[in-house]
Amino acid sequence: KKKLLSVMYRYIHEPKSGLLAGILFGEKSALDDKMERDFRTVGLMHIVVLSGYNVSLVIQVFSKTLRFLPLAIRSALSVLAIAAFAILVGAGPTVIRASIMAVFIVLAGFTHRRYHITRALFIAGICMVIWNPKILYFDISFQLSFLATYGLIVFAPYFEKKFSFLPKSFAIRDSAIATISAQIIVMPLIIYSIGEFSLISPVVNVLVLFAVPMAMLFGFLTGVIGLISGALATVLSVVASYLLAYQLWIVSLFANIPFATIVFPKFHWLIMLFMYGLIAWWVINIQKTQHISESANV
């Protein structure tokens, strides 16, 4: 990892290289204080601190690249790639959770079984808590990662219909759905633990997320090819630099908007539980409606 980062820093200059180090390897320390604050203000820290989003991008690229191989070999290599990536980036709680779920996806494809994402999420969470019970209470990154993933599971189908008017190009609709679904369920924990919440996060995520996979790809290729060919790495770094510069420009632009973030005073944890009670009531109603709709269609 250090070797790849040194090559990337050689061809891609700051602050773009700091952002690349964050979205590829979770090197949050590569961001200066102002940049980190701006990312928090616009609700985009999840791309800098490694999350399931980053892991899923890596697995998708790897799986598509190996599509020509037999299923058994492709599945074995995919599991090895998941483990290697988790180790490479430091195996934090969010990466471990996403990696366990990714392994389940590979195994489901290999055994020709249906992948139950909710079951996979809870099995991954239970395994991690058994291994280290402290993360259940003391590790907010694990808590936010688990909740955000569950929010995507339960709310994404609901908002898919609500946001059908948004275009699918540049992942606009998918980014809006994912952001709203995740933010709803993590909001009580964020405002209780951190004391602030970004109002402009959905807009910024829609404008930025489509560029993240391409920036990761060209940035990673710059590091790998840079070990072999400086000329080709220079070409790749130009593309990566433009993509990274665009993301930084959007973040800087929206971070300076007045009242982009709401600051909350400290409140009792029972209020947070009450908020989650309201969200649980909403989820139950959504699931009931979906069940009635499915029964009617049958």
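The structure this text deals with has already been given above.
Residues numbered from 1 in each chain as written. Predicted model: local features only at pLDDT ≥ 70, side-chain atom pairs only at ≥ 80, totals over all residues. Heavy atoms only, no water.

Asks: Tell me what's going on with the overall build of the chain, and back it up with residues and numbers.
Replies: In terms of helices and strands, the chain carries 14 helices and 2 strands. In summary, the chain has a C-alpha radius of gyration of 20 Å against a globular reference of 19 Å for 298 residues, a match within 12%. Along the first, second and third principal axes, the C-alpha atoms of the chain reach 60 × 55 × 45 Å. Burial statistics for the chain: of 298 residues in total, 44% are counted as buried. The contacts in the chain between residues at least 6 apart in sequence include a share of 69% that link residues at least 24 apart. As presented, the chain carries roughly 16300 Å² of accessible surface, and 71% of it is formed by carbon and sulfur atoms. (Helix = DSSP H or I, 4+ residues; strand = E, 2+ residues; numbered from the N terminus. Rg over C-alpha atoms; globule rule 2.2 N^0.38 Å. Buried < 20%, exposed > 50% of the residue type's maximum accessible area, 1.4 Å probe, protein only. Contact = heavy atoms within 4.5 Å. Areas by Shrake-Rupley, 256 points an atom, 1.4 Å probe, with all protein chains shown as cover.)

Asks: Account for the packing of helix 9 (residues 140–162) against helix 10 (residues 172–193), naming residues and giving values.
Replies: To describe two helices that pack against each other, one gives the angle between their axes and the distance between the axes. Contact geometry for helix 9 and helix 10: axes closest at 7 Å, N-to-C directions at 135°. Between helix 9 and helix 10, the interaxial angle falls into the category oblique. Of the two elements, helix 9 crosses helix 10, and the hand of that crossing is right-handed. Note on element contacts: helix 10 touches helix 9 through Arg-173, Ile-177, Ala-178, Ile-180, Ser-181, Ala-182, Ile-184, Ile-185, Val-186, Leu-189, Ile-190 and Ser-193, opposite Ile-140, Gln-143, Leu-144, Leu-147, Ala-148, Tyr-150, Gly-151, Leu-152, Phe-155, Ala-156, Phe-159 and Glu-160. A breakdown of the residues in the contact of helix 9 with helix 10 according to their chemical character gives 18 nonpolar, 4 polar and 2 charged. (Axes fitted to C-alpha atoms, helices over the stretch in contact; angles between N-to-C directions. Parallel < 35°, antiparallel > 145°, perpendicular 65-115°, else oblique. Left-handed = near helix turned anticlockwise from the far one by under 90°. Nonpolar A, V, L, I, M, F, W, Y, C, P; charged D, E, K, R; others polar.)

Asks: Quick one: what's the story with the layout of surface pockets, residue by residue and with numbers?
Replies: Over the atoms rolls a probe the size of a water molecule, and its path tells where empty space is left. Of the pockets and cavities examined, the second largest pocket occupies roughly 680 Å³. Lining the second largest pocket are 24 residues, and of these Leu-136, Gln-143, Leu-147, Leu-189 and Met-272 lie nearest its centre. For the lining of the second largest pocket, the secondary-structure elements that each account for two or more residues are helix 7 (117–131), helix 8 (135–138), helix 9, helix 10 and helix 14 (269–297). Among the elements that make up the lining of the second largest pocket, the one with the highest residue count is helix 14 (7 residues). A breakdown of the residues in the lining of the second largest pocket according to their chemical character gives 21 nonpolar, 3 polar and no charged. (1 Å grid on protein atoms, 1.4 Å probe; cavity = no way out; pocket = protein on both sides within 12 Å on 5 of 7 lines; lining within 4 Å. Points joined across faces, edges and corners; volume = space filled by probe spheres on them.)

Asks: Outline the environment of Pro-188, supporting the account with residue identities and numerical values.
Replies: Its location among the elements puts Pro-188 in helix 10. Taking relative accessible area as the criterion, Pro-188 reaches 1% and is therefore assigned buried. Here the alpha-carbon distance between Pro-188 and Ala-108, two residues 80 residues apart in the chain, equals 34 Å. What Pro-188 contacts, discounting residues up to four positions off in sequence, is Phe-267, Met-272, Met-275, Tyr-276 and Ile-279.

Asks: Please set out unusual backbone geometry residue by residue, giving values where relevant.
Replies: With an omega dihedral of 0°, the bond running from Glu-14 to Pro-15 counts as a cis peptide bond. Here Pro-15 shows up in the loop between helix 1 (2–11) and helix 2 (16–25). Of note, the phi angle at Phe-259 is positive, near 60°, even though the residue is not glycine. On the secondary structure map, Phe-259 appears in the loop between helix 13 (230–255) and strand 2 (261–263). Phe-259 gets classed as exposed once you look at its relative accessible area, which sits at 76%.

Asks: Report on the pattern of salt bridges, specifying residues and quantitative values.
Replies: Taken as a whole, this structure holds 4 salt bridges when the rule is applied. Here Lys-34 and Asp-38 are joined by a salt bridge, their closest N and O atoms 2.9 Å apart. Pair noted here: Lys-34 and Asp-38 are both in helix 3 (residues 33–41), with a separation of 4 residues, about one helical turn. A residue is classified by how much of its surface remains accessible, and Lys-34, at 54% relative accessible area, is exposed. Residues Arg-173 and Glu-160 are paired through a salt bridge, measuring 3.5 Å at the closest nitrogen-oxygen approach. One end of the pair, Arg-173, is in helix 10; the other, Glu-160, is in helix 9, with 13 residues separating them in the sequence. The exposure class of Arg-173 is buried, given its relative accessible area of 13%. (Salt bridge = Lys/Arg side-chain N within 4 Å of Asp/Glu carboxyl O.)

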